[in-house]
Amino acid sequence: MLLSTAAASCTAQELTMYLMEVPPLTINTAERKGVVGDIVLEAMRRAGYQTKLLVVPSNRALAAVANPASRNTLIIPLARVEAREDKYTWIAPILKVNRAFFSLDKTVKSFGEARAAFKVIGAARGTAGVHILRANGFADGQIYELNQDQTPQKMLLNRRIDAWYGPVAEGKAWVKTSDIDNRVQVSAPLGPTYNYLACSKSCDAELVSRLGGALKSMEKDGTSKSIQKKYGDIE
């Protein structure tokens with residue numbers, strides 16, 4: 001799906017930015033793009049850029065921006081993990097993201113407990129959650145990568161997975177809208193990351209500087225906090 005956000009100046013350079021839908025960090029509605037989306041779009045406007053916004057499945061977005069042929073192509077919200085470090089240009093952190101295990105049966109306090117307690121753990125395909133699980137000793141056969149049409153709540157109800165691992169805010173959002181809200185057990189936060197505005201490996205230094213500067217000014221003048229408050233508690 002292709003959307004456009006016009007900047008104040010009609011002569012401003014247009015940049016392509018991929019938005020991966022990770023509610024409530026990023027959403028795809030006409031008026032709101034989630035806390036990270038709204039913050040970054042305002043930074044783009046302040047830096048004098050127009051935005052061509054692409055909303056596609058996460059795997060496609062990640063591959064497109066990591067493609068060596070890509071230049072000055074942006075992506076949000078990208079969790080900074082070791083497996084991705086050399087594939088992207090990291091412009092600036094936007095928000096800290098806590099993750100946890102969601103299960104119908106039990107809670108855990110560590111990755112070690114989770115490895116022993118859950119035989120099959122769901123995590124969104126291609127996300128930082130998959131990288132974090134692997135980095136903490138989970139076997140590939142223990143990790144079930146969910147496609148976008150495989151919702152965690154349905155997988156849990158059907159006992160296709162023993163737990164879902166992902167952002168706390170995202171998990172709480174789907175719990176509220178499901179019929180299993182009273183049954184879901186949420187474990188202690190494990191595996192936090194900072195989600196960034198990132199760019200393709202080939203990214204102009206001026207672009208990085210202008211966008212990074214705009215984001216810093218928004219932190220300083222309170223704009224980022226103001227946008228975050230509109231979305232409530234996302235920890």
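So, a few notes on the structure that sits alongside this text. (Residues numbered from 1 in each chain as written. Predicted model: local features only at pLDDT ≥ 70, side-chain atom pairs only at ≥ 80, totals over all residues. Heavy atoms only, no water.)

A few points about the side chain of Ser200
The criterion, for reference: Helical segments are the DSSP runs of H or I of at least four residues, strand segments are the runs of E of at least two, and each set is numbered from the N terminus. The buried label goes to any residue with under 20% of its type's maximum accessible area, the exposed label to any with over 50%, and the partly exposed label to all in between, with areas taken from a 1.4 Å probe on protein chains only. Pairs of N or O atoms within 3.5 Å make up the polar contacts considered here, provided that, within protein, one atom can donate a hydrogen while the other can accept it, and that residues adjacent in sequence are counted only when both atoms are side-chain atoms. What makes two residues a contact is simply this: any of their non-hydrogen atoms within 4.5 Å.
Tracing the backbone shows Ser200 in strand β11 (residues 193-200). Assessed through its relative accessible area of 0%, Ser200 is described here as buried. Here Asn72 takes part through its backbone nitrogen, which lies 3.1 Å from a polar atom of the side chain of Ser200. Polar side-chain contacts of Ser200 include one of 2.9 Å to the backbone oxygen of Ser202. When neighbours within four sequence positions are excluded, Ser200 is seen to be in contact with Val65, Ser70, Arg71, Asn72, Thr73 and Thr89.

Structural notes on the nonpolar core
Note the cut-off: Definition used in this section: a nonpolar core is a set of buried Ala, Val, Leu, Ile, Met, Phe, Trp, Tyr and Cys residues joined via side-chain atoms within 4.5 Å.
One finds Leu74, Leu197 and Leu211 to be the most contacted residues of the largest nonpolar core, which totals 34 residues. Of all the elements in the fold, those that place two or more residues in this core are β2 (14-19), α1 (34-47), β3 (50-55), β4 (74-79), β5 (88-97), β11 and α7 (205-221). Examining the composition of this core, we find that eight residues originate from one element, α1, more than from any other. Leave out the neighbours within four places in its chain, and Leu197 touches Met17, Val40, Leu74, Ile75, Ile76, Thr89, Trp90, Ile91, Ala92, Ile94, Leu211 and Leu215. If you look at the next biggest cluster of nonpolar residues, it comprises 18 residues, including Val81, Ala114, Ala123 and Val130.

Quick word on the pattern of salt bridges
For clarity, the cut-off: Whenever Lys or Arg places a side-chain nitrogen within 4 Å of a carboxyl oxygen from Asp or Glu, that contact is recorded as a salt bridge.
Counted under the stated rule, the structure contains nine salt bridges. Put simply, Asp221 and Arg46 hold a salt bridge, and the shortest N to O gap is 2.8 Å. Residue Asp221 is located in helix α7, and its partner Arg46 is located in helix α1; the two are separated by 175 residues in the primary sequence. Judged by relative accessible area, which is 46%, Asp221 ranks as partly exposed. Taking the shortest distance from any N to any O, the salt bridge between Arg159 and Asp105 comes out at 2.9 Å.

Considering the packing of aromatic side chains
Operational definition: Aromatic pairing here means that ring centres of Phe, Tyr or Trp (its six-membered ring) are within 6.5 Å. Orientation follows from the plane angle: under 30 degrees is stacked, over 60 is edge-to-face, and everything else is tilted.
In this structure the tally under the stated criterion is eleven aromatic pairs. Seen in terms of ring centroids, Phe101 and Phe118 are 5.8 Å apart; in terms of plane orientation they differ by 35 degrees. Their pairing is tilted. Within this pair, whereas Phe101 is found in strand β6 (residues 99-103), its partner Phe118 is found in the loop between α3 (111-117) and β7 (121-124), the two being separated by 17 residues in sequence. Take Phe101: its relative accessible area is 0%, and that puts it in the buried class.

A closer look at the side chain of Arg84
Inspection of the secondary structure puts Arg84 in the loop between β4 and β5. Here the side chain of Arg84 touches Ala79 through a polar contact of 3.0 Å, landing on its backbone oxygen. Leave out the neighbours within four places in its chain, and Arg84 touches Leu62, Leu78, Ala79, Trp90, Gly126, Thr127, Ala128 and His131.

Considerations on the state of the cysteines
Disulfide: a covalent bond connecting the sulfur atoms of a pair of cysteines. What counts, and what does not: Note on terminology: disulfide denotes any pair of cysteine sulfur atoms within 2.5 Å.
Considering all chains together, one arrives at one disulfide under this definition. Covalently, Cys199 is tied to Cys203 through a disulfide, its sulfur atoms 2.2 Å apart. With the S-S bond torsion at 95 degrees, the cross-link from Cys199 to Cys203 turns out right-handed. Taken as a pair, Cys199 and Cys203 share a single burial class, namely buried.

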